[in-house]
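Residue-level structural notes
Next come the chains, spelled out residue by residue.
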Amino acid sequence: MASFEDIEYDSNYSLASRQFFLLYDTTIPSQCAGPSSVIVLNNASILKFICPYNNLLCCRNYIHDHNQKMFTIALSDDKMNEWNDDNNQITETNIRKVFIFCETFSQYLAMKRWRGCYRRKIRGIYLSDTFEQKLLQLGVDYIREILPEFRRERGTYRRLCTDAQNLLQALNNYFQDQIDSLSDDGTEETS
Amino acid sequence: MGNRPGSFIDKLKNRIYRKHSISKSSQSNITTENTSLETFLLVWLDPNIDTSKENIRTQKRLRKILTCLLTFNKVDECRRWLEKCYNEEKIILIVSGAYGQEIVPKIHDLSCIVSIYVYCLDVERNKIWSKDFRKIRGVESSTNVLLEELENHQNHLENIEDSRALRICQQNEPAHSIENRTASLVWYRLLLEILIQPNYLPTKGTYHEFIHILRQYSSNDEDGSNLIDEFEQTYEPTRAVSWLTRDTPLIRFVNKALREQDINILFPLRFLLVDIYTQLTKNQAPSLNVFRLQLMPKTQIEDLRSNPGRLIIVNGFLFATTNKSQLLSTIQNNEQFETVLFDIQADFRSGTVPFAYLQQFDSYNEQQIEREILFMCGSIFEVGSLRYENSIWRLQLRLTSENDVPVLSQMKQNLRETKNLNIISDLLKKINQEDKARIFAERIANEQLTTAVTSNSQQIKSIQIQSNFNELLTNENILFVLINLSTYFNESTSAVLKILCSIEPRIISIVDNETTTIDLSQCMRRELTIFTTVQFANTIKKYSEDFQFFILDTDNQNNQKYRYSTIDDLINRLVDCIIEKYRFEISKALKTQNQTKVKDYNQQINRIYRQLKQIHFNHDSFLSNTHQTTLIWLRSADKNDNLDIEPVNQSFRDYFPMNLHFFQESELREYLAADNHQTDLFLIISSDYQMDTLVDLRQYSNIKYTYYYGEMKDKNSEYKILSTRDDLCYQLTYDLLEYYGNLGEQYRINNQAKQARQMFSKAQRLCQILSENYFSSK
């Protein structure tokens, strides 16, 4: 069962003026007693646009050090709280959009009521059921944004296009799975 | 045949109907004092009413004209019953010759008696005595003639009832000093607003409630029951108008409820009103000059003559025709009432009721010349000139927009913004309609209660309740126990528990009224998670490490771990515990490489999350079968976007069946204010407009996506400006993909598989378009 650890970041994306980061937990989530891999990413291998971090400090340092770049960041609710609890002032003005994924339903509801930092930048809060689909969609839009920067580098340009096509194919498959899981009365079929 | 014991008619005959429950299905405890769902009652008195085969056959035929037929075979019994009738009841009496001569002198002057037919063998002899009684409309020996006369008479009476239901009032009145007649227009239009438009009432469908009422009412009538069967089996929203135009008891029920503004029946009729409104709106006719013949009492004519410029509100549906000459050829003399030709100028604009040609629907019958055009109920007309020409009155009317009635538009705006339904009860009280105000308040309370009760009692019922905790300890399947918490459950927590129990019925148990002291140290079983109150937790003698406790402690000021101050937080913890249990199972399945189990458990988790999100956020719970999207352009005044419009509209024609263009913000706002919010809007705004405009327009709930399109004027803007057509098309495609994905999800949650598949398929097509058009490396 693939998850965040299985994402293979393509360093070509680090050349773009915008980057997509993912900040996740390796420890057991604060309220969970179960296994740590809460979010299943069946398509982890094609999420090459995502630069994954499991360390908040490293992630923040990179963002600080590259203040000429803009960042989109997807992070766990625990990491969001950790970021917020940090006494340092949050100075990262180059974080454009924030997406949060939650490990538990209680935390999901709490995040929906979130009034802390980055509230205006939070563009979505997700549970494990929709997070992978959202990452696929966000990836498509992110690649579309940075693609013009690689117009002269045909090889990279083609690779990025292929990545976007793979993401769209995975989305297509996702919708097909949804169709296949529907029985005639609208309820979901179990295997 | 007679009056079947226990039937509505039997109860009516025995006068025990007066406090019957209107609907069990809706769990309503509202009572109605309606005598009948129809305006007129038919009473037949004959010594051989139930013994003659011919009479039984005639009863069956009579019920096709009026479902509510009461039969008597004794004069005294019938007379006593008639004398007990209320003044407002309207009774048509059929009586045999011999009985007629005996009963008519005694009951003729009762105000409930509208007309009398003598149905006898010896016509000539009975005509002699009957000529002294003006309410006797005919003495007939032929059944066919009697039925034909009755049918015509009933249509005639219905027309008169229509005129009685016309309300005349002032047009320009301030809200603070609204006069009674105007208030009666306003409350009724506001009632129709909350019945027809979504977002006011919590319950969705009233179809089953209405069927239940019909079945109660028609239980005495075989044909009526067959008709209800047919209605139940064939009714579809797209055929609502067809049912309205067929000559069935249904139309008589609808007409009566609307004319009399009968709140108790109008609420269950909500589904039909919504469907007819939708059909008429979709088939809106252009501006028309139409005509209608209306019988009116002389006093009403005088009222209209002395008050030009006033408004008329038609409570019910209004039929009219464009063929004046043909309509005039159908005029019949009437001594009691004046015939008035309504000459209506109907221009459709914002705030008018919708109207449509009936030929658009499969119900159109060319023979019914007076039924060519149908106006939605509650139409308002401005009264023009009234003059007498060629033996009839001619009244000029102009279809009026509610925006032309300041007090109405102001109060409607207030209702839309505040959703305060008490506005209607207040208006009813103001016009001394205390009873209607009470019924309205009860009905609204009942609507809200129904939702809560349904989600509480029905949902809790499906949860396994154990008699006591010790019994439960022997059941190894049970992993989660809720002790003495039921009294704290609210609508939301009950709904959550229902979902959990429907997905995993074996692992959760609820124990109530548990008072025994528990010694858990003696218990041999493992793995039990207990959710309970702080009071019960304090009674437990010894804890065991194998048992995990989560406690409802409303005074949990120190935020102690495992203690929750609200029942919602506690039940959400239960959700997390169940998800954790699945995750443990997934870990175990992974170790044995059982991929099927992994998939199953993941599906269970996803299913729980999806359904819980629906409870908490209730996104777009109202989904029609024909979900509509419209692309709106707010264009630049100099039309510099001319070249882009057609190609964009053409590219997205499969996704936006309708495109609307506005050149002024005010026009767009007017459209949005009048829009019934059943269409999802994608809005493209020219960058010539201020950014504030875009931000402001986003407040409308049915505007799903907005695009700022054109030349980039403010480089520091935090909003994305789409400067090329290619960018605009990409963004539309991308957003449509998200939109249809979400819509598919919503339909799936609502168990609408067909629609869900359609939406997911559309999303798939959009994936292909994006892949081919925007990421082709060539």
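A short tour of the structure in this document, coming up. Note that this is a predicted model, so its numbers are computed, not measured. (Residues numbered from 1 in each chain as written. Chains lettered and ligands numbered in written order. Predicted model: local features only at pLDDT ≥ 70, side-chain atom pairs only at ≥ 80, totals over all residues. Heavy atoms only, no water.)

Now for the nonpolar core. Residues B:Ile194, B:Phe317, B:Phe375 and B:Phe440 are the most contacted members of the largest nonpolar core, which totals 97 residues. Of all the elements, helix 7 (residues 180–196) of chain B adds the most residues to this core, at 11 residues. Residues in contact with B:Phe440, not counting those within four places in the same chain, are B:Leu191, B:Ile194, B:Ile263, B:Phe267, B:Leu421, B:Ile424, B:Ser425 and B:Leu428. With 73 residues, the next largest nonpolar core counts A:Ala16, A:Ile50, A:Leu135 and B:Tyr734 among its residues. (Core = buried A, V, L, I, M, F, W, Y, C linked by side-chain atoms within 4.5 Å. Buried < 20%, exposed > 50% of the residue type's maximum accessible area, 1.4 Å probe, protein only. Helix = DSSP H or I, 4+ residues; strand = E, 2+ residues; numbered from the N terminus. Contact = heavy atoms within 4.5 Å.)

Moving on: the interface of chain A and chain B. In this complex, chain A contributes 53 residues to the contact, which on the side of chain B involves 52 residues. Interface area for chain A against chain B, summed over the two sides, is near 4,700 Å², with a carbon-plus-sulfur share of 53%. The tally of links between chain A and chain B comes to 4 salt bridges. B:Glu738 is the salt-bridge partner of A:Lys134, the closest N and O atoms lying 2.8 Å from each other. Taken together, the links from chain A to chain B amount to 15 residue pairs in polar contact (both at pLDDT 80 or more). At the level of secondary structure, the elements contributing two or more residues to the side of chain A that touches chain B comprise helix 3 (105–112), helix 4 (128–146) and helix 5 (154–180) of chain A. Residue contributions to the side of chain A that touches chain B peak at 14 residues, all from helix 5 of chain A. (Buried area = accessible area lost by both parts, 1.4 Å probe. Salt bridge = Lys/Arg side-chain N within 4 Å of Asp/Glu carboxyl O. Polar contact = N/O pair within 3.5 Å; in protein donor to acceptor, adjacent residues only side chain to side chain.)

Residue and element names in this part refer to chain B. Among the residues making up helix 24 (residues 642–651), those that are buried are Asp644, Ile645, Val648 and Asn649. Relative to the axis of helix 24, the buried residues are bounded by an arc of 120° and lie together on one face. Of the residues in helix 24, the exposed ones pointing more than 90 degrees away from the buried face are Leu643 and Glu646. Buried residues in helix 24 make contact with strand 21 (628–634), strand 22 (658–662), strand 24 (703–709) and helix 27 (725–749). (Arc of directions from axis to C-beta.)

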